[in-house]
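# Structural features, examined
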Amino acid sequence: MTSAPAIELRSFTNLDAVRGDLLDVYAEVRAPLLHLANYAVNAFGERLDRHGAEDGFQALLAYEGEHPVGYAYGNRIEDGDRYWQRTDPTPRAEYTAQAAVALKEIGVRPAWRGIGLARRIHDAFLSTRDEPYVTLMVNEAAGDGKVHALYRSWGYEDLGYSQPSPASPRLTVMIRSVA
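Residues numbered from 1 in each chain as written. Predicted model: local features only at pLDDT ≥ 70, side-chain atom pairs only at ≥ 80, totals over all residues. Heavy atoms only, no water.

### Remarks on unusual backbone geometry
Stated precisely, the cut-off is as follows: Segments assigned H or I by DSSP are reported as helices when at least four residues long, segments assigned E as strands when at least two residues long, and all are numbered from the N terminus.
Geometrically, the link from Asp-88 to Pro-89 is a cis peptide bond, its omega value of 5° lying close to zero. Turning to its location among the elements, Pro-89 is positioned in the loop between α3 (82-85) and α4 (93-96).

Dropping the structure here:
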């Protein structure tokens, strides 16, 4: 009897080392949405480049052999960061008094979904962070509400709303303790 290759998680703080893998996985994960300006691969690449240059950038990728199958990435945000400035209502000082980590993207290729890989990537990403809070934005319509519900099951609470760009849908800002 043979078994499937193990999935290995690898962490990176240099975007150049994994930019191509992130773009490849993103394109498959978001394939049904790529026709929308905000989700186009080139729009994602621009956001990725900006985020990769920000303080505390980290990407965590899952590989089966040398094939990337999932990812999460984020960076540190401080009080006054545009992330917080675009959140309505203004977050309580409890959340912004210290740096937080913004989980900017998480995704798993369709063939690897349903095995707990997204949660494994998420938890491994957070295990290396020293910020007290993690925040993310979710489109409440994603997966007919299932993605929002999933993040709630992981301990996230709704904090407010944001529309990061004119092409972006209105997103729900969520937060939880890193620990």
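### Focus: the side chain of Ser-162
Basically, it comes down to this: In protein, a polar contact means a hydrogen-donor-capable atom and an acceptor-capable atom, both N or O and within 3.5 Å, with residues adjacent in sequence counting only if both atoms are side-chain atoms; elsewhere, any N or O pair within 3.5 Å suffices. Contact definition: two residues touch when any of their heavy atoms are within 4.5 Å.
The topology assignment puts Ser-162 in strand β6 (residues 157-162). Separated by 3.4 Å, the side chain of Ser-162 and the backbone oxygen of Arg-86 make a polar contact. If sequence neighbours within four positions are ignored, Ser-162 has contacts with Arg-86, Met-137, Pro-169, Arg-170, Leu-171 and Val-173.

### Digging into the pattern of salt bridges
This is how the line gets drawn: Here, a salt bridge means any Lys or Arg side-chain nitrogen found within 4 Å of an Asp or Glu carboxyl oxygen. Buried means the residue's accessible area, taken with a 1.4 Å probe over protein chains only, is under 20% of the maximum for its type, while exposed means over 50%, and partly exposed covers the values in between.
Taken as a whole and assessed by the stated rule, the structure comprises 12 salt bridges. Residue Glu-28 pairs with Arg-109 through a salt bridge whose shortest N-O separation is 2.4 Å. Of this pair, Glu-28 sits in helix α1 (residues 19-29) while Arg-109 sits in the loop between β4 (100-108) and α5 (117-127), placing them 81 residues apart in sequence. Using a relative accessible area of 33% as the deciding quantity, one classes Glu-28 as partly exposed. Exposure remark for Arg-109: the relative accessible area of 6% places this residue in the buried category. Among the ionic pairs, Glu-54 bridges to Lys-104, the shortest N-O distance being 3.7 Å. You can see Glu-54 sitting in the loop between α2 (41-52) and β2 (58-64) and its partner Lys-104 sitting in strand β4, a full 50 residues away along the chain. Residue classification places Glu-54 among the partly exposed residues on the basis of a relative accessible area of 23%. Here the residues in one salt-bridge network are Glu-8, Arg-10 and Glu-66, joined through shared partners.

### Digging into the sheet that holds strand β1 (residues 7-12)
The cut-off we apply is this: In this description, strands pair whenever DSSP reports at least two bridges between them. Lines fitted to C-alpha atoms define the axes here, with helix axes fitted over just the stretch in contact, and angles between the N-to-C directions of these axes take values from 0 to 180 degrees.
Sheet architecture is open: 7 strands sit in the order β1-β2-β3-β4-β5-β7-β6, paired in mixed fashion. Only two strands of the sheet have a single partner each, and these edge strands are β1 and β6. In this sheet, adjacent strand axes meet at a mean angle of 25° when their direction is disregarded. Contacts from α5 reach β1, β2, β3 (67-77), β4, β5 (133-138) and β7 (171-177), with the element oriented near 155° to β4.

### Section: α5
Since there are 3.6 residues in each turn of an α-helix, residues three or four apart along the chain are aligned in direction. Taken residue by residue, α5 has Leu-117, Ile-121, His-122, Ala-124, Phe-125 and Leu-126 as its buried positions. Looking at the buried side of α5, the elements it contacts are β1, β2, β3, β4, β5 and β7.

### As for the packing of aromatic side chains
The condition is simple: In this analysis, rings of Phe, Tyr and Trp, with Trp reduced to its six-membered ring, are considered paired at centre separations within 6.5 Å, and the interplanar angle assigns stacked below 30 degrees, edge-to-face beyond 60, and tilted for intermediate values. When the NZ atom of lysine or the CZ atom of arginine is within 6 Å of a ring's centre and also within 35 degrees of its normal, the charge is said to sit over that ring.
Enumeration over the complete set of coordinates arrives at 7 aromatic pairs. Centre to centre, the rings of Phe-57 and Tyr-73 are 5.8 Å apart; their planes meet at 45°, and the pair counts as tilted. Placement of Phe-57 in the loop between α2 and β2 and of Tyr-73 in strand β3 is noted, with a sequence separation of 16 residues between them. According to the relative accessible area criterion, Tyr-73 is buried, its value standing at 1%. Summarising the aromatic geometry, the rings of Tyr-151 and Tyr-156 are spaced 5.9 Å apart at their centres and angled 65° between planes, so their arrangement reads as edge-to-face. Classification of Tyr-156 as buried rests on a relative accessible area of 3%. Three or more aromatic residues joined by ring pairs form one cluster here, namely Tyr-26, Phe-44, Phe-57 and Tyr-73. It is Arg-170 that lies over the ring of Tyr-161; its NZ or CZ is 3.6 Å from the centre. Sitting over the ring of Tyr-156, Arg-176 keeps its end group 5.6 Å from the ring centre.

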